[in-house]
Amino acid sequence: MIPIRGLRRKLHYKYGWFPGNHVQPKCQISSIRNLKLGGEVYIGNSRLCCEGDIEIGFNTKIGEGCFFLSTNHNYKSETYIPYDNIGLLQKISIGKNVWIGARSVICPGVQIQDGAIVAMGSVVTKSVPSCAIVGGNPAKIIGYRDKEIFQDLEKKAAIIPLNVWKRENG
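Residues numbered from 1 in each chain as written. Predicted model: local features only at pLDDT ≥ 70, side-chain atom pairs only at ≥ 80, totals over all residues. Heavy atoms only, no water.

Q: Account for the overall build of the protein chain, with residues named and values stated.
A: A tally of regular secondary structure across the protein chain gives two helices and 18 strands. Sorting the 170 residues of the protein chain into buried and exposed places 38% on the buried side. Long-range contacts, defined here as pairs at least 24 residues apart, represent 24% of the contacts in the protein chain between residues at least 6 apart. Looking at the protein chain as shown, the accessible area adds up to about 10,600 Å², and 55% of this sits on carbon and sulfur atoms. (Helix = DSSP H or I, 4+ residues; strand = E, 2+ residues; numbered from the N terminus. Buried < 20%, exposed > 50% of the residue type's maximum accessible area, 1.4 Å probe, protein only. Contact = heavy atoms within 4.5 Å. Areas by Shrake-Rupley, 256 points an atom, 1.4 Å probe, with all protein chains shown as cover.)

Q: For the environment of aspartate 146, give the residues involved together with the corresponding values.
A: Within the secondary structure, aspartate 146 is located in the loop between strand S18 (140–144) and helix H2 (147–155). A C-alpha to C-alpha distance of 9.5 Å links aspartate 146 and alanine 132, two positions 14 residues apart in sequence. For aspartate 146, the side chain forms a polar contact with the main-chain nitrogen of isoleucine 149, separated by 3.3 Å. (Polar contact = N/O pair within 3.5 Å; in protein donor to acceptor, adjacent residues only side chain to side chain.)

Q: Explain the sheet that holds strand S7 (residues 61–62) to me, using residue names and the numbers behind them.
A: Reading across the sheet, the seven strands line up as S1-S4-S7-S12-S15-S17-S18 and stay open at both edges, with mixed pairing between neighbours. Both outer strands of the open sheet, strand S1 (22–23) and S18, are each paired with one neighbouring strand and no more. Where strand S4 (residues 42–43) lies against S7, two bridges are found, and the strand directions are parallel. By the bridge assignment for S7, tyrosine 42 is matched with lysine 61. (Pairing = 2+ DSSP bridges.)

Q: Quick one: what's the story with the pattern of salt bridges, residue by residue and with numbers?
A: Going through the model one piece at a time under the given rule, you end up with three salt bridges. Two residues, lysine 91 and glutamate 55, come together in a salt bridge whose shortest N-O distance is 2.9 Å. Of the two residues, lysine 91 is situated in the loop between strand S10 (87–89) and strand S11 (92–94) and glutamate 55 in strand S6 (residues 54–56); the sequence distance between them amounts to 36 residues. Taking the relative accessible area as the measure of exposure, lysine 91 reaches 38% and is therefore partly exposed. (Salt bridge = Lys/Arg side-chain N within 4 Å of Asp/Glu carboxyl O.)

Q: Run through the sheet that holds strand S8 (residues 67–69), naming residues and quoting values.
A: Sheet strands associate in pairs through backbone hydrogen bonding, adopting either a parallel or an antiparallel arrangement. Taken in spatial order, the five strands of this open sheet run S2-S5-S8-S13-S16, and their pairing is parallel. Only two strands of the sheet have a single partner each, and these edge strands are strand S2 (28–30) and strand S16 (123–124).

Quick look at the structure:
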């Protein structure tokens, strides 16, 4: 793990040319060399284990307390139980304009395509199609975004700046 005080400097050095990336100070990232950010990415106080590579697309928002794991144990071992000392590296790929709710878990090898939404507290064990809304444990498709509206907003580059939030009384 990289110490927090060195994390921002390393992220700025690596991603300085992409404006707006923001990683909360208590976020834990292992193997930072294997993390790729696409710009305008927000990562809450979460844990990213990047040994098997993690790619996060443009304008993706990741809530507080999420856990990304890109390695797995070799449970098919013929020498040890319950698993051996070989780590299986499996890349996590997250598209652009994705929203991952707080306390979600993203398992090794998962691909989350553009515009998907992951409900808070979900455990994503399988890949998520474009514009799908998934939730639960294990995460299942519970709906879809309106693809026409999503594509229209994407063409207009209608992204919300990280520092502009409005409160709506309801």
